[in-house]
Structures are given as C-alpha cells and as structure tokens.
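Residues per chain, in single letters:
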Amino acid sequence: MTMAATKKEPVVIEGAGALNTPLSGLLTWVDQRFPLMSLWKDHLAEYYAPKNFNFWYYFGLLAMLILVLQIVTGIFLVMHYKPSAAEAFASVEYIMRDVPGGWLIRYMHSTGASAFFVVIYLHMFRGLMYGSYRAPRELVWIFGMIIYLCLMAEAFFGYLLPWGQMSYWGAQVIINLFDALPIIGPDLSTWIRGDFVVGDATLNRFFAFHVIAIPLALLALVGAHIMALHEVGSNNPDGVEIKENKNAAGKPVDGIPFHPYYTVKDSLGVVVFAFLFCMVMFFAPEMGGYFLEYNNFIPADPLKTPPHIAPVWYFTPYYSILRAVTEDFMFWLALGVAAYATLIVFTSRGCLSKILAVLIAPVVIFLMKGVGFGMTFTLFRGTFLEITLPLEAKVWGVILMGLATLIFFLLPWLDKSPVKSIRYKGVLSRWALTIFVAVFLILGYYGTQPVTDLGTLISQIGTLLYFAFFLLMPWYTQMEQTRPVPSRVTM
Amino acid sequence: MIKKIIAVLLLAPALAFAAGSDVPLDRAPINPNDMPSLQRGAALFVNYCLNCHSANYMRYNRLTDLGLNEKEILDNFVARFSGGKVGDLMKITMDLEDAKTWFGAAPPDLTVIARSRSSHAGSGADWLYTYMRGFYRDGSRPTGWNNVAFPNVGMPHVLWGLQGEQELKPAQRRAEGYMATVEKPVLTKPGKLSPLEYDRAVADLVNYLVYMAEPAAQSRKTIGMLVLAFLTGLIFLVYAMKKSYWKDVH
C-alpha cells in the first residue's frame, strides 16, 4: 500500500489524447510532493492581471528574458575567457575568432548588456508614469530599485573583463571616486582594487563578483520582486485597483488570467524585441561606439591614459552629475539646500519635518561651504579622523551621484497625489515627468562628451532639475488639480 | 609655418568631415567581398607590416576565408616569413623593448587596429586609408618622415618605395564659401607605383586590415539576414496567435 505525502485532488489533464492518463498520473505524483499546481495557478493560470496593459508593460518580462540570456551566454563565455591581466584581452579575441560561434555568444552578451539597461530604463519610466510604486506596491518598487543598483554593479564589474583601455581607465576613474571620500577614502579604494593600481588582483575579484556574487543576488531579488508583485497584484495604466471590483466568483472583473492571455501577448513582445535586438547584434554590434567603445579594442595600458574617458552610455547621466559639481557650483547647491529647508519650514504640515529641516540644513550647508569666505579648517588634526572642512567639491560630486541613484527609493513616500496614474494627475506632474526625462537624456548626452563650459553649465542646471523632480514632488502632486479616476479600467 | 587644416587630397575622393577631427578623413574605397583585393592586401600586410607589427590574435590558416587553401597559405605566407605551422598566430620576433628604443614607442599589434581606430570622425578604415597615404618628408623628425593623420608618428614610411616621396606644399582649398590656404602633401619623387596604383594598393591593405579586425563580420551579416527573415515570419504568426486568443477580451 502506498501513501501519498499529502491529500490533494488528483491533477486531471485533458486534450493530450492517449497521453491524458499517464500525464495526469505523473503530475498528480509530483503535485502530492511539491506545490506544482498551486505555483502554476498562483503565478500563471489564475494570476489575474489587468486587461488594459499597454506597450509599456512588455519590459518587465523582457528584462527577465535578457537576464536569462546574459546568464546563459555568460556561462559559455566563462568557458573560454581568462580572468588574468596577461591573458584577458587575448582570450576575448580568441572567443571572437577561434571559438566556434564565439563571436555570436560574445555579441549577444555585449548587446545584451546595453539592451538590459534600455529595457530597465523603459520599465522604470513605466513605473514613474503610472505610479506603480504607490501603496501597496512600495516593496515591489524597492526590490526593483535594488535590482537596478545590482545591475549597475554587474555592468561595472563586467566592463573591466575585456581588459581594453576603456575597461581599465573606466574602472580606474570610478574606483578613484571612493578615494575622494573623507577619512576612509584612500584605504577604501585600495581595498576595492586589492592593489595600488587597477591590476590583476582587481580583475580577478571583479570577475568573481560579475559571474557569481551579483548574478546570485540578481536572481534572488528578481524572485522577491515578482513574489511581492503577485502578492499585491499588478498596477495598470489607469492606476485602478482591479481587486476592488470582483465578480460573484471572486475574480476581478477587469482582470484576465496571465496565462494564456499575457503569455501569448508577451510572446509577441519577445519576438518583436528579438527582431530589434538582432538588428543591432548582427549589423551594428558596436552601435557607433556606444555599446562597444572603440578605445576598448586597444589592450589595457596602465602607462597610457586615454585623452577622453567616458563610461558606457547607461552610466552617463550619473557621470554628468558627478562632473557638474565644481567649486563654483557649491554656492548654488548650498543655496538650494537653504531654499528647500525654508520651503519645508513654511509650508510643511508635519512638525517633525520642520524640526529635521531646521537641524539638518545648517549642517549640510556648513559641510558644503564651511564658514564661507573661502576659509577652510581641519578637525581632529593628526588623528586618523582628520577631516578638512568644507568638504571638497569632488566629494559632493560623489555624494550627489550616489544620491541620484538612491533617491528613487523614496518615490513611494514623495508622491502625495490622490491618483496614481499620469493619466489623471494634473499639469504639474505631467510637466515634471517630461522635464525629468528630458534632463535624464541631456545629462546622459553630456556624460559622453568631453568637458566644456557650456556642457558643465547645462549639467549643473540638469542636476538641480533632477533633484527638484523628486524633492518638490510632495508639493506639486498636492497643489495640482487631478482628474476623476474611473471605477473600471479603460481599454 | 602655421599648420592649419591639412587635407590629404591625392585623387580627391569624397571627404568625410566630422566635428572633433583634426584632419578630414578620406573615405576608404574598400569592398569586403572583393577576394582578390583582400588577397593582395594580405600579401602587402605580410610583406610590409608583419616585420615590426604583430597580429597576435590572427592565425595564418584563417586566410582560407579569403579563398586561399592551406598549402597556398603555408607556401606564400608562413614558410617564407616565419617558417612555422599554418595554424600559427601572426607573431613577430622583434623585441618590444628594442622597438621602443628604436621608434620611441612599440609598434602596436594590428589585429584589431581597424576597430580601435574608429572614431566619430570616420571608420577605422577611413583613418588607416588616410594615414597610409599621408606620409611626407620632414627633416625635423628622427626617421625623416611625418604624417598628416598622425602628427609626429614614430613609424617611418614603410611603403615609400611604392608611393615615392611627398612634401607639404601650400594649396588652395575650398572651405565653407571661401578659399583657404592649407598645406597638403604633394608627390615630389615618384615611386614604383603611380598615385592611382598606390591608392589601390593601400585600399587593398586597408580592406585586409578591416577583415582581420573581425573575420566573422561577413558571416555575421549573412546569418543576420536569415535570422531577421525568420523572425519576420514569426512575428506574423505570433501576432495572429495573439489576436485569436484575445478576441474575447474587451
């Protein structure tokens, strides 16, 4: 006599003809030992997604597709790549020439890296447009933002591996940013490199992070992102909660099962995406020097600094913010902090935020400008805590660049609009989002260019507008006149 | 003399002007499907370049891509120069430290030079085509040679026997709406080849360098066309499937 592990209804398969009985038996056997059918139902067959998903709702699935593509092509690349300063560059060319199909795998991976960021930026823009970060989806957003940060780390570590000039000097520039931090900076940057210059030790640890540590974290986070999403349900272009409107059977009237409706719809998205991806991969894998930088076809040379070092395109908005913070700009930053604190004190309803503004703003301004008049002074002189005030502009550049990526985390609490979707928000939110996207693209463009006076000025204005989009959000989302949200989604 | 814009104009092919470039680059007249041109280019490369420059990632027997068989490659390229095996990499015996002493800089490996010399001013091929035709006599340089595309280059004019000698001469050039005086190299002592033949030879060499930088480039495009054709068909099928599944969703 056999005993099933748990008492569950047998799984019944229909439509497989003569295979109905054996397949049903097999699935029943598995289902009594593993939550197969409940996973299938919860996440696909009976996961109800709003029926009004538009163009912008393809990119989450496409991001997962690229993650899989990067992992699979990465496995094959690691079979032939040599993570050593002496052999790395040659091993990449070996993959491009002597490994059968190696060029295809390598181009998939290099094109995939840029495609990943294209898709992720569009995915994030969707979230900004339709308020997908709003309650109850704060954790979906936070997991997503951690994924984004991991993705940037993954791209940064991976970019060193071909060991070309841009790989080398890009890593050098970014690691040197940590050097600017007070007190711990120099030790921290040496610790990251594992050497006093970027070298073999750096390449090996970056390789370890790129192929093991970060991909593991990414997979776990993507799992958490989707579990959190399926717990609360998907948002949609109208920002209507479909769970609030259920039929007699308890199913959302505006929802349709993810499978088969969105599996077939996303299949279309996947094929169209594959077409565009292949156009780039087969006919312009360098993408005019933006996906594969020309300088990176020169082997890394620690003695020869390239005249113009630019990070890959997906980092350039932040690189612009970093370069925008010059000594002249510190006054305007300090003024911005003072103005923001004043705004909080005079218009905020919360008592706590007023107190915090009064306490924090003077400290920040003091760290930015010291006592003014160009005077500097040193605290804890002679000890390991020695720190000179005001902090240098380049320190603030690093801080602002970091904050520019981290500030996205606060969105669920900055947006105070009574509605979620841009469709029903007012004119201020629409303009704010439009300007933000334009600023992001302009900063991205100037990040690829050599420094010019005009470029710096535009980057500085862009930096202020970038932060204003977030920091002024509690005000402009409450001031504006919103439009009534329909009770059902619109197709 | 004030060196302003220096244009390399021997036969005045289409000029590729672009922001940020010191020298307007000539468009390289190359055809990656022209096998005789690629073979001539490979011969020039092995004869003239592969003594000081290596191609450390390129194997001799990869030249089968150019319509040569392994015996031809062994007899004409490998045996005559290195005496090694047909599957060897195109390495050189010159010591890089010596080279640094002789030329001021070690001659770079040329395997992917056509890719690394690309810029927003033009393709790597354009740069190489301009460079190889841009040498002129300059008594102030240790080698006696200078170059319009690469000022104060350490490399002497290796193909001077073919091209002859050029000198910089003032010339009138039509700029945007006015005539500007520029300096351009003018042939003063002819070489073995006529200017037209020399341009052709350099184009062959550049054609080969572009091939060597990415030997898979042609099959990449061929496979790409097939993949796109397949995906186009698939898009229609999947679109029809989506339509049929979604016909009851309103």
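These numbers were taken from a predicted model, which means no experiment stands behind them.

Considering the overall build of chain A
Within chain A one finds 18 helices and four strands. Dimensions of chain A, computed from C-alpha atoms along their principal axes, come out at roughly 85 × 65 × 45 Å. A total of 491 residues make up chain A; the buried ones form 49% of that total. Considering only intrachain contacts with a sequence separation of at least 6, the fraction spanning at least 24 residues in chain A is 76%. When the accessible area of chain A is evaluated, it comes to approximately 23,900 Å², of which 72% is carbon and sulfur surface. Taken together, the 31 basic and 30 acidic charged side chains of chain A have centroids lying 9 Å from each other.

Structural notes on helix α13 (residues 351-369) of chain A
All names here are of chain A. With 19 residues, α13 extends 27 Å from end C-alpha to end C-alpha; this agrees with the ideal 27 Å at 1.5 Å per step. Along α13, the positions that sit buried rather than exposed are Ala357, Ala361 and Met368. Buried residues belonging to α13 abut α12 (327-347) and α14 (393-406). Glycine 370 sits one or two residues past α13 and shows a positive phi near 60°.

Structural notes on a nonpolar patch on the surface
All names here are of chain A. Taken together, Val427, Leu428, Trp431, Ile435, Leu454, Leu457, Ile461, Leu465 and Met479 make up a surface patch of nonpolar side chains, about 900 Å² in accessible area. Those elements that provide at least two residues to the nonpolar patch are α16 (427-448) and α17 (453-471). With respect to the secondary-structure elements, leucine 428 resides in helix α16. Residue leucine 428 is classed as partly exposed on the basis of its relative accessible area of 34%.

Some remarks on empty space enclosed by the protein
All names here are of chain A. One pass over the full model with this rule turns up two cavities of 30 Å³ or more. Space inside the largest cavity adds up to approximately 70 Å³. What lines the largest cavity is Leu128, Tyr133, Ile422, Lys425, Ser429, Ala432, Leu433, Phe469, Met473, Tyr476 and Thr477. Along the lines of polarity and charge, the residues of the lining of the largest cavity split into eight nonpolar, two polar and one charged.

Description of the layout of surface pockets
Over the atoms rolls a probe the size of a water molecule, and its path tells where empty space is left. Residue and element names in this part refer to chain A. Estimates place the volume of the second largest pocket at around 1,400 Å³. Taken together, 38 residues line the second largest pocket, and the ones lying closest to its centre are Tyr340, Ala341, Ile344, Leu471 and Trp475. Contributions of two or more residues to the lining of the second largest pocket are made by α12, α13, α14, α15 (411-414), α17 and α18 (473-479). If you tally residues by element for the lining of the second largest pocket, the top one is α12, at 10 residues. Of the residues that constitute the lining of the second largest pocket, the class distribution is 29 nonpolar, seven polar and two charged.

As for the domain arrangement of chain A
As a measure of interface size, the accessible area lost when the parts come together is often cited. Residue and element names in this part refer to chain A. Domain annotation of chain A identifies domain 1 (41-289) and domain 2 (312-484). Taking only C-alpha atoms, the centre of domain 1 and the centre of domain 2 are 27 Å apart. On the domain 2 side, the residues contacting the 38 residues of domain 1 number 38 residues. Summed over both partners, the interface of domain 1 with domain 2 comes to about 3,200 Å²; 73% of that surface belongs to carbon and sulfur atoms. Among the residues domain 1 hides against domain 2, the three largest losses belong to Leu128, Arg134 and Ile183. Together they make up 19% of the total. Summed over the shared surface of domain 1 and domain 2, the number is three salt bridges. The residue glutamate 241 makes a salt bridge to lysine 420 at a minimum N-O spacing of 2.7 Å. Remark: the boundary between domain 1 and domain 2 carries 13 residue pairs in polar contact (both at pLDDT 80 or more).

Cut-offs and rules
- Residues numbered from 1 in each chain as written.
- Chains lettered and ligands numbered in written order.
- Predicted model: local features only at pLDDT ≥ 70, side-chain atom pairs only at ≥ 80, totals over all residues.
- Heavy atoms only, no water.
- Helix = DSSP H or I, 4+ residues; strand = E, 2+ residues; numbered from the N terminus.
- Buried < 20%, exposed > 50% of the residue type's maximum accessible area, 1.4 Å probe, protein only.
- Contact = heavy atoms within 4.5 Å.
- Areas by Shrake-Rupley, 256 points an atom, 1.4 Å probe, with all protein chains shown as cover.
- Lys, Arg positive; Asp, Glu negative; His and termini not counted.
- Charge placed at Lys NZ, Arg CZ, Asp CG, Glu CD.
- Expected span 1.5 Å × (residues − 1).
- Patch = residues over 30% accessible without salt bridge, like charges linked within 9 Å, V, L, I, M, F, W, Y side chains within 5 Å.
- Salt bridge = Lys/Arg side-chain N within 4 Å of Asp/Glu carboxyl O.
- 1 Å grid on protein atoms, 1.4 Å probe; cavity = no way out; pocket = protein on both sides within 12 Å on 5 of 7 lines; lining within 4 Å.
- Points joined across faces, edges and corners; volume = space filled by probe spheres on them.
- Nonpolar A, V, L, I, M, F, W, Y, C, P; charged D, E, K, R; others polar.
- Domains from an automatic or database assignment.
- Buried area = accessible area lost by both parts, 1.4 Å probe.
- Polar contact = N/O pair within 3.5 Å; in protein donor to acceptor, adjacent residues only side chain to side chain.

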